[in-house]
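A closer look at the structure
So you can see what is in the structure, the chains are spelled out below.
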Amino acid sequence: MQAPSETGPGQLTYGSYLKVAELIGLQQTESQPPHHDEMLFIIIHQTYELWFKQLLHELDAVVHNLRQSAGTPSSRDYIYEAARLLRRCTEIARVLVEQFTILETMLPTHFLAFRGGLRPASGFQSEQFREIEFLCGLKDEKMLRYHEPTPEMYAQLERRLREPSLRDVIFDALSELGIMPALAENAGDEQRFDARAQAILAIYRDEKSHRDWIDVCERLTEFDELIVSWRLRHIQMVERTIGIKMGTGGSSGSSYLKMTLDKKFFPELWAARSLLTETP
Ligand code: HEM
């Protein structure tokens, strides 16, 4: 058996590299005396936030690669890399959907024992969740107001609001490839949407020439699907835990959340599916 390598003061260790001491010191309960389940409640949210951080990291890299792909002979390498990173995003999203079952081991009565002390904090204030939405293309300026108590986060979201989204970058890259139908200068939102859906249609109709882009589009579609699954599982968990009570953020609770189920990051990818026709 190999002897463990020597460690001494100042050397990198598992704990110093991963900042474990800091990490496990970040769970501070509000309930007095501390309710047993509040620890789980905090850790599950913190875990989600860590994965949201990783998702933003990957999605930013996807945007970068798709931007680089435009007008370069090595365009395929960039598109390949975007698809590879998107695969990671879908795997993370799958974990995010699954994780709610852990929180569902908390009895509704146990949550109610410390819920009161959490008001007015709410998932509405998950800046990273909103950032993922904005970065993917689902931008809603009205959501900024929930971040007024945290100016740094407000500024970060405002930046995302201004920047081109992943959805925009996809169609800019397809324009460069000459796949987007020409648009009149005064084209409205509806015409722009139709042109984008037509571009996706063209890709799927010519599979041999666009395998790389089809791979990207399929992964984006899967990511969209998984985020809807996340929304649905969150609603089921909410109803199981607090029924149809109002949210701590002031919304109507599950009935508000149900209205978000139709939201899609990449609606043109879905529209193109309706446009496809049967082949002999
Ligand atoms: C017992 C557990 C939970 C309950 C009862 C709950 C309840 C709610 C409710 C009622 C809302 C609507 C906003 C409001 O009025 O507050 C909401 C929004 C939200 N929650 Fe939760 N939640 C729980 C756990 C989680 C977890 C673990 C996450 C993980 C990050 C999460 C993330 C979010 C997000 C991102 C929103 C905003 C959704 C949107 O606007 O589309 N929630 N939650």
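Everything that follows concerns the structure shown earlier in this document.
Summarised in this report is the structure supplied together with it. Just so you know, these numbers come straight off a predicted model, no measurement behind them.

About the cut-offs
- Residues numbered from 1 in each chain as written.
- Predicted model: local features only at pLDDT ≥ 70, side-chain atom pairs only at ≥ 80, totals over all residues.
- Heavy atoms only, no water.
- Core = buried A, V, L, I, M, F, W, Y, C linked by side-chain atoms within 4.5 Å.
- Buried < 20%, exposed > 50% of the residue type's maximum accessible area, 1.4 Å probe, protein only.
- Helix = DSSP H or I, 4+ residues; strand = E, 2+ residues; numbered from the N terminus.
- Contact = heavy atoms within 4.5 Å.
- Arc of directions from axis to C-beta.
- Axes fitted to C-alpha atoms, helices over the stretch in contact; angles between N-to-C directions.
- Parallel < 35°, antiparallel > 145°, perpendicular 65-115°, else oblique.
- Left-handed = near helix turned anticlockwise from the far one by under 90°.
- Nonpolar A, V, L, I, M, F, W, Y, C, P; charged D, E, K, R; others polar.
- Near = heavy atom within 4 Å.
- Polar contact = N/O pair within 3.5 Å; in protein donor to acceptor, adjacent residues only side chain to side chain.

On to the nonpolar core, then. If you look at the biggest cluster of nonpolar residues, it comprises 70 residues, and the most contacted ones within it are Leu-59, Leu-166, Ile-170, Leu-174, Trp-213, Phe-223 and Phe-266. If you tally residues by element for this core, the top one is helix H11 (residues 211-242), at 13 residues. In this structure Phe-223 touches Leu-55, Leu-59, Cys-89, Thr-90, Ala-93, Cys-136, Phe-265 and Phe-266, once residues within four positions along its chain are discounted.

It is worth spelling out helix H13 (residues 267-275) at this point. Among the residues of H13, those classed as buried are Glu-268, Leu-269 and Ala-272. In an axial view of H13, the angular spread of the buried residues amounts to 105°, which keeps them on one side of the axis. For H13, the elements touching its buried residues are helix H9 (166-176), helix H10 (189-205) and H11.

Think of two packed helices as two axes; the pair is described by the angle between the axes and how far apart they sit. Look at helix H3 (residues 38-69) against helix H7 (residues 127-136): their axes get within 9 Å of each other, and the N-to-C directions meet at 20°. Here H7 runs roughly parallel to H3, going by the angle between their axes. In the packing of H3 onto H7, the handedness of the crossing is left-handed. The residues of H7 that touch H3, namely those facing Glu-49, Phe-52, Lys-53, Leu-55, Leu-56, Leu-59, Asp-60 and Val-63, are Gln-128, Phe-129, Glu-131, Ile-132, Leu-135 and Cys-136. Looking at the contact of H3 with H7 residue by residue, the classes come out as 9 nonpolar, 1 polar and 4 charged.

Contacts to the ligand come from 29 residues, most closely from Ser-122, His-234, Gly-249, Ser-251 and Tyr-256. Between the ligand and the protein, one listed contact pairs an oxygen atom with a backbone N or O atom of Gly-249 at 2.8 Å. Between the ligand and the protein, one listed contact pairs an oxygen atom with a side-chain N or O atom of Tyr-256 at 2.8 Å. Per-element tally for the shell around the ligand: the top contributor is H11, with 7 residues. Partitioned by chemical class, the residues of the shell around the ligand number 15 nonpolar, 12 polar and 2 charged.

Glancing now at H7. Counting buried positions along H7 gives 10 out of 10 residues, so the element sits mostly inside the fold. Every buried residue of H7 is accounted for by Glu-127, Gln-128, Phe-129, Arg-130, Glu-131, Ile-132, Glu-133, Phe-134, Leu-135 and Cys-136. Buried positions along H7 lie against H3, helix H8 (151-162), H9 and H11. Residue Gly-137 follows H7 closely and has a positive phi angle near 130°.

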